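The lines below spell out each chain.
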Amino acid sequence: MSAPAEAVAPAAAERDMANAIRALAMDAVQAANSGHPGMPMGMAEIAVALWGRHLRHNPSNPGWANRDRFVLSNGHGSMLLYALLHLTGYDLPLAELRRFRQLHSKTPGHPEYGCAPGVETTTGPLGQGLANAVGMAIAERVLAAEFNRPGCEIVDHHTYAFAGDGCLMEGISHEACSLAGTLGLGKLIVFYDDNGISIDGHVEGWFTDDTPQRFAAYGWHVVPGVDGHDVAAVDAAIRAAKAVADRPSLVCCKTIIARGAPHKANTHDAHGAPLGAEEVAATRAAIGWNHPPFEIPASVYAAWDARARGARAEGAWNETLAAYAAQHPQLAAEFRRRAAGELPADWAAQARALLDEVVAKGETIATRKASLNAIEALARRLPELVGGSADLAGSNLTLWSGARALGRSGGGNYLHYGVREFGMAGIVNGLALHGGVIPFGATFLVFSDYARNALRISALMKVRAIQVFTHDSIGLGEDGPTHQPVEHAAALRLIPGMDVWRPCDTVETTAAWIAAIERRDGPTSLLLSRQNIAFQPRDRAAIDAIRRGGYVLADATAPQAVIIATGSEVPLAVGARAKLAEAGIAVRVVSMPSTNVFDRQDAAYRAAVLPPGVPRVAVEAGVTDYWRKYVGLEGEVIGIDRFGESAPGPELFKFFGFTVDNVVG
Ligand SMILES: Cc1ncc(C[n+]2csc(CCOP(=O)(O)OP(=O)(O)O)c2C)c(N)n1
Ligand SMILES: [Mg+2]
């Protein structure tokens, strides 16, 4: 287990440590004239207990693989995190705290991953941080089971999260915490900031859950009724939580929002607005903090400074890793590769070979099946793949032969997420953020909008989170319009940084998977068909061009028109081209599996694929608006601008005009 808790600073020192957070929070919010002072002031003692006495981290190396993870799920309290990072010795100077919420500062309104060192995830959309924390705790469990050897526990850390009333009101907290209970994530410890306040006021009118009982019902270990302003009491709760190894823990802390502010404590006024100069001054007097704004006494810095401790902790771990490497050199090399997020050295050749195999087979199958084949092949080469589906394994085709479901103990590489799309997407983000694994989730494309905000955050964070979205159009058939995505492909493409792939056959599907795996700086959504789609023969140049997102699949000399198509509509475009050729009309077919990737290509390439001046037609079984930017106002779009119908897929394709004749017309 983890090293023992750190030596305890004297009570007076800890009081000053907490008040330093209060002062930095209220002063930074005051300086910005915007922000949320109440939560940092209310959770200051909890932070002292956790960060001062327990958290194992190294401010000089925020990337230390075995650090404890800390998630501020109630991200509006960002100044709490910034204060902690600054005070404990991260590279986050006071100047950045002074520039809280200003353009290009490292201290944006809500914590953003990749901005300040030590920020483990982007939070602010309430509840999602909890799901991220669950994902991190799962990653720890998976990696520990895979890599630890007796006497050499190189993966062994806790995941801590702060959450407020808002996080616990959000539905995603149920999804994520329910699953965490089922999986028995013993190294996950969540602190509930039970201050009875949210934006509209005292929560009695809208939030009266018995939270301890709720979490107990999930199978959590609950420490109820902790005085969140008593560092020793919180410390005792943390010790109790750490001692329970087979269940996640919820530490319920009674707190007073904006504690220390004589008039605004325990009011919702303190939630999200500056206290005001007078109240700030009154708070200083009330808590006995006589230092000017942004001045922290050296003794307080010294009490907070975690660098020496962190260096010792990481140093000890490095020794463990060295001993491990001596006994298990290959495993150690693999661990280092995985922790660095790097692909195997021979990856490029492997990917090429995989693609060639699929080309040689030339199968006509559903792209969801092509995806399963790709997963099967990839998982053999990439043990870091951790898959899963939101109770649709048999439909999404995500369960490969080597999948091992994660259970209450031990490891695995597959998650039965249950019917929890949003929770899944948040957990996938947490897995990706933790590192050491490459996660994917899966559900029907139509339910991607249940998960949508987590997909958006994955793009904002630029993490390698992969989603398998099957049943990608009316082609799914009889389940009807509730299950038939129409606007979803377009909507996902609109998320900046989200790469959406809607491949047309086995080769494009494999290429899309390879692109998703190789993409280290952003998420990918794979949109896959339920129904079979004809294999498209192509030459080497076309195979190589798939990775450019859009390419000439079937050409003609001096084309009079270009048909752009994706996924299941590509064969229609190819059929139309053949028919038009018989009539002496030369048509080029462009397959555009990923508009996002195509848009990133240089202008010369894009113009070579879509020559200016040649009329264009786009064909996709979805809303037409999105395609206007490719075909222009003069072009044609064959799509669907209404909801679908319940009928067999082939009939629907006819009914909605997805026929070769209609494309020809
Ligand atoms: C998903 C989501 N919905 C709404 C908001 C806006 N919002 C920010 S904080 C908050 C209230 C949070 O209450 P609580 O967690 O109790 O925070 P406290 O006031 O106690 O700090 C709301 C509604 C948000 N950030 N995320
Ligand atoms: Mg609250």
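Reading guide: rules and limits
- Residues numbered from 1 in each chain as written.
- Chains lettered and ligands numbered in written order.
- Predicted model: local features only at pLDDT ≥ 70, side-chain atom pairs only at ≥ 80, totals over all residues.
- Heavy atoms only, no water.
- Donors = N, O, S within 2.8 Å, 3.2 Å for Na, K, Ca; no water.
- Helix = DSSP H or I, 4+ residues; strand = E, 2+ residues; numbered from the N terminus.
- Buried < 20%, exposed > 50% of the residue type's maximum accessible area, 1.4 Å probe, protein only.
- Near = heavy atom within 4 Å.
- Polar contact = N/O pair within 3.5 Å; in protein donor to acceptor, adjacent residues only side chain to side chain.
- Nonpolar A, V, L, I, M, F, W, Y, C, P; charged D, E, K, R; others polar.
- Arc of directions from axis to C-beta.
- Contact = heavy atoms within 4.5 Å.
- Phe/Tyr/Trp six-rings, centres within 6.5 Å; stacked < 30°, edge-to-face > 60°.
- Pairing = 2+ DSSP bridges.
- Right-handed = clockwise from strand over helix to strand, strands pointing away.
- Salt bridge = Lys/Arg side-chain N within 4 Å of Asp/Glu carboxyl O.
- Axes fitted to C-alpha atoms, helices over the stretch in contact; angles between N-to-C directions.

A. Structural detail: the coordination of the magnesium ion (ligand 2). Here the magnesium ion (ligand 2) is held by the protein donor atoms Asp-165 (OD), Asn-195 (OD1) and Ile-197 (O), which lie 2.1 to 2.2 Å from it. Sequence positions of the residues that donate to the magnesium ion (ligand 2) give the spacing D-x29-N-x1-I. Pair noted here: Asp-165 is in helix 7 (residues 165–169) and Ile-197 is in strand 4 (residues 197–198), with a separation of 32 residues, a long-range link. Exposure remark for Asp-165: the relative accessible area of 4% places this residue in the buried category. A relative accessible area of 5% places Ile-197 in the buried class.

B. Region of the structure containing the site of ligand 1. By nearness alone, 15 residues border ligand 1, and Gly-124, Gly-166, Asn-195, Ile-197 and His-271 come closest of all. Within the contact set of ligand 1, an oxygen atom lies 2.8 Å away from a backbone nitrogen or oxygen of Gly-166. Elements supplying a minimum of two residues to the shell around ligand 1: helix 7 and strand 4. Taken together, the residues of the shell around ligand 1 break down into six nonpolar, seven polar and two charged.

C. Highlighting unusual backbone geometry. Phi at Phe-294 takes a positive value of approximately 60°, unusual for a residue other than glycine. Even without being glycine, Asp-391 reaches a positive phi, approximately 65°. Relative to the assigned elements, Asp-391 resides in the loop between strand 9 (385–389) and helix 17 (393–396).

D. The arrangement of helix 11 (residues 277–287) in detail. Among the residues of helix 11, those classed as buried are Glu-279, Val-280, Thr-283, Arg-284 and Ile-287. Summarising the axial view, the buried residues of helix 11 lie within an arc of 145°, below the 170-degree limit, and thus occupy one face. Relative to its buried face, helix 11 has exposed residues pointing more than 90 degrees away, namely Ala-277, Glu-278 and Ala-285. Contacts made by the buried residues of helix 11 are with helix 1 (11–32) and helix 2 (38–42). Phi turns positive one or two residues past the end of helix 11, at Gly-288, with a value near 70°.

E. Up close: the packing of aromatic side chains. Under the defined criterion, the tally for this structure stands at 21 aromatic pairs. Arranged with centres 6.2 Å apart and planes meeting at 45°, the rings of Trp-400 and Phe-440 form a pair that is tilted. Taken together, the residues Trp-400 in the loop between helix 17 and strand 10 (414–416) and Phe-440 in strand 11 (residues 438–444) connect sequence positions 40 residues apart. The same class applies to Trp-400 and to Phe-440, which are both buried. Here Phe-444 and Phe-447 contribute two aromatic rings whose centre-to-centre distance is 6.1 Å and whose plane-to-plane angle is 40°, an arrangement assigned as tilted. Cluster of aromatic residues (ring-pair linked, three or more members): Trp-51, Phe-70, Tyr-160, Phe-162 and Phe-191.

F. Layout of the pairing of strand 17 (residues 561–565). Among the five residues that make up strand 17, five are buried, leaving the element largely enclosed by the rest of the structure. For strand 17 and strand 18 (residues 587–591), the ladder comprises five bridges, and the chain directions are parallel. Residue pairing in the sheet places Val-562 in a bridge with Arg-588 of strand 18. Crossover connection from strand 17 via helix 23 (residues 570–582) to parallel strand 18: handedness right-handed. One ladder, built from four bridges, connects strand 17 with strand 19 (residues 616–619); its direction is parallel. Counted as the bridge partner of Ile-564 is Ala-618 from strand 19.

G. View of the pattern of salt bridges. Applying the stated criterion to the full structure yields 36 salt bridges. In this structure, the salt-bridge partner of Arg-214 is Asp-209, at a minimum N-O distance of 4.0 Å. Overall, the relative accessible area of 15% leaves Arg-214 in the buried class. Among the residues examined, Asp-209 registers a relative accessible area of 44% and is labelled partly exposed. The closest approach of N and O atoms between Arg-519 and Asp-499, which form a salt bridge, is 3.3 Å. One end of the pair, Arg-519, is in the loop between helix 21 (506–518) and strand 14 (524–528); the other, Asp-499, is in strand 13 (residues 499–501), and 20 residues separate them in sequence. Comparing Arg-519 with Asp-499 shows no difference in burial state: the two are buried. Three or more residues joined by partner-sharing salt bridges are found here, namely Glu-146, Glu-334, Arg-337, Arg-338 and Glu-384.

H. Geometry of the pairing of strand 1 (residues 69–72). Neither face of strand 1 is left uncovered, since the one carrying Arg-69 and Val-71 and the one carrying Phe-70 and Leu-72 both have all their residues buried. Taken together, the four bridges between strand 1 and strand 2 (residues 159–164) define a ladder with parallel strand orientation. Residue pairing across strands places Phe-70 opposite Tyr-160, the latter belonging to strand 2.

I. Quick peek at the sheet that holds strand 3 (residues 188–194). Ordered in space as 1-2-3-7-6, the five strands form an open sheet in which the pairing is parallel. Only two strands of the sheet have a single partner each, and these edge strands are strand 1 and strand 6 (221–227). With direction set aside, neighbouring strand axes in the sheet form an average angle of 15°. On the sheet, helix 6 (residues 128–147) packs against strand 1, strand 2 and strand 3 and is oriented at approximately 165° with respect to strand 2.

J. Representation of the sheet that holds strand 19. Pairing is mixed across the open sheet formed by five strands, whose spatial order is 16-18-17-19-20. The sheet is open, and its two edges are formed by strand 16 (551–554) and strand 20 (636–638), each paired on a single side. Averaged over all adjacent pairs, the angle separating strand axes in this sheet is 30°, with direction ignored. Pairing of strand 16 with strand 18, which is carried by three bridges, proceeds in the antiparallel orientation. Among the inter-strand pairings, Val-552 is bridged to a residue of strand 18, identified as Val-590.

Any functional reading would require information beyond the geometric quantities listed.
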